[in-house]
Amino acid sequence: MQRQRSDSAFAAAQRCIPGGVNSPVRAFGGVGGTPVFFASGKGAFLTDLDGNRYLDFVGSWGPLIAGHAPPEVVEAVVAAARRGTTFGAPTEAETELAREIVALVPSVKMVRLVNSGTEATMSAVRLARGITGRSAIIKFAGCYHGHADSFLIAAGSGAATLGAPDSPGVTRGTAADTLVAQYNNIKSVDNLFAERGPSIAAVIVEPVAGNMGVVPPAPGFLPALRDITRKHGSLLIFDEVITGFRLSAGGAQQLYNCTPDITTLGKTIGGGLPVGAYGASQEIMRYVAPAGAVYQAGTLSGNPLAVAAGLATLRIIRRDPGFYERLDRLAARLAAGLEKNCRDTGIKAVVNRVGSMLTLFFSNGSPVFDYNSALACDRQAYARYFHASLDRGIYLAPSQFEALFVSSAHTDEDIDIALAKSKQALGCLS
Ligand code: HOZ
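Residues numbered from 1 in each chain as written. Predicted model: local features only at pLDDT ≥ 70, side-chain atom pairs only at ≥ 80, totals over all residues. Heavy atoms only, no water.

Asks: Pulling in residues and values, what's your account of the site of the ligand?
Replies: Taken together, Ser23, Arg26, Trp61, Tyr144, Ser157, Asn211 and Glu402 make up all the residues around the ligand. Ser23 is positioned with one of its side-chain polar atoms (N or O) 3.0 Å from an oxygen atom of the ligand. At a separation of 3.0 Å, an oxygen atom of the ligand approaches a polar side-chain atom of Trp61. Computed on the free molecule, the ligand has an accessible area of 290 Å², of which 87% lies beneath the protein chains in the complex. For the shell around the ligand, the residue count by class is two nonpolar, three polar and two charged. (Near = heavy atom within 4 Å. Polar contact = N/O pair within 3.5 Å; in protein donor to acceptor, adjacent residues only side chain to side chain. Areas by Shrake-Rupley, 256 points an atom, 1.4 Å probe, with all protein chains shown as cover. Nonpolar A, V, L, I, M, F, W, Y, C, P; charged D, E, K, R; others polar.)

Asks: Outline the layout of surface pockets, supporting the account with residue identities and numerical values.
Replies: As a volume, the second largest pocket reaches approximately 490 Å³. Only helix H3 (92–104) and strand S4 (110–114) provide two or more residues apiece to the lining of the second largest pocket. Residues belonging to the lining of the second largest pocket are distributed by class as follows: twelve nonpolar, ten polar and two charged. (1 Å grid on protein atoms, 1.4 Å probe; cavity = no way out; pocket = protein on both sides within 12 Å on 5 of 7 lines; lining within 4 Å. Points joined across faces, edges and corners; volume = space filled by probe spheres on them. Helix = DSSP H or I, 4+ residues; strand = E, 2+ residues; numbered from the N terminus.)

Asks: Tell me about empty space enclosed by the protein, and name the residues and values.
Replies: Applying the stated criterion across every chain yields a total of two cavities of 30 Å³ or more. Taken as a whole, the largest cavity holds about 190 Å³ of empty space. Residue lining of the largest cavity: 20 residues in total, with Leu338, Leu360, Tyr385, Leu396 and Leu404 positioned closest to the centre. Its residues assigned to classes, the lining of the largest cavity shows 14 nonpolar, five polar and one charged. Its volume calculated, the second largest cavity comes out at about 70 Å³. Lining the second largest cavity are 14 residues; nearest its centre among them are Asp56, Gly59, Leu64, Ser407 and His410.

Asks: Kindly report on the sheet that holds strand S5 (residues 136–140), identifying the contributing residues and their values.
Replies: Pairing is mixed across the open sheet formed by seven strands, whose spatial order is S4-S10-S9-S8-S7-S5-S6. The open sheet has two free edges, formed respectively by S4 and strand S6 (178–181), since each of these has just one partner strand. Direction aside, neighbouring strands of the sheet carry axes that sit 20 degrees apart on average. Strands S4 and strand S9 (262–266) of the sheet are contacted by H3, whose axis makes an angle of about 125 degrees with S4. (Pairing = 2+ DSSP bridges. Axes fitted to C-alpha atoms, helices over the stretch in contact; angles between N-to-C directions. Contact = heavy atoms within 4.5 Å.)

So, in structure tokens, the structure goes:
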């Protein structure tokens, strides 16, 4: 497959953008080679600058639950843009989106809209610190909560991909306030509470990890976090930036029937435009300025275009009572097919899946249940599989430590195509 125009575009970008990309994983550092530059996307497909077509399973890293450029979303954004792109003042549509979120996410009774997942998590932690008067937080190795200083400790996603889970520029003081536990290991959380309990403001967790590849919570893990945080007067934060409106209309908290104190959202609620949100009970959210003293602001927060795209996406989800069942069925077929392809080609791998998010781990057949077991996977095998897939027109995340997303634009036929190509790609490894 020729990608000359992508290569030239990357060379030009490298001259004026650090590493040639505006977010690190995109640079293909985890898989080698040079990134594909895209010209357009429609439904489940992407077209690159050279005119090559790809069946897309990245979905812009999660937001595109209804695929690329669904007409309803495009029309809503265009109509909003015609009315004005930003006012720096409240609009009724923001209240409408807030009401939708409150109606659907079990633990959220009041919500603040921001511009990205990073802003949401950073603000949620400030809120937890403001309420408790405590400074430390617990996060889990391999979980990624955006790039605010407090979270760039043992971070997953691009940080793990580039082998830089801790970043220069994070002060020692900030790092000292971030305590790291092991995902699915409640003992490691217990130990931190035993040592530092009275100073711990919050535990922040991806209820289904999506940034060390997909790692589901072990039975009892989330309820145990709920209990231990309550016992110690800390707040529990579910980072549902990926899982919110992806695993169900109420996110992972609805799926697992376990509610946090604070929830962070992003991706799907912006329908592909930049957005984030954090929400909680009214009692908690009344601490947020201007209702309360915990400061947080943003010129473009509640942006009319992002809110219009989010509302249109939620309408697509809500008008189809079988929306999540269909995604789940397609993703289950994909996961089962990938497992069979691995068996047929003699590749020892495991597929972790929750709803429409999944990861094929080249783990030599061992289960992947935390960061260390994810790190133990064969990244070179993933890189070869990635390129063999790309060359066959299947676009996967350029890292072993990310998720594959199925959207409502995918069809059974698309899954068949993906499985046929994946078998060929896996055949290149054996
Ligand atoms: N942190 C994102 C994936 N979990 C990557 C964002 C991007 O490169 O666009």
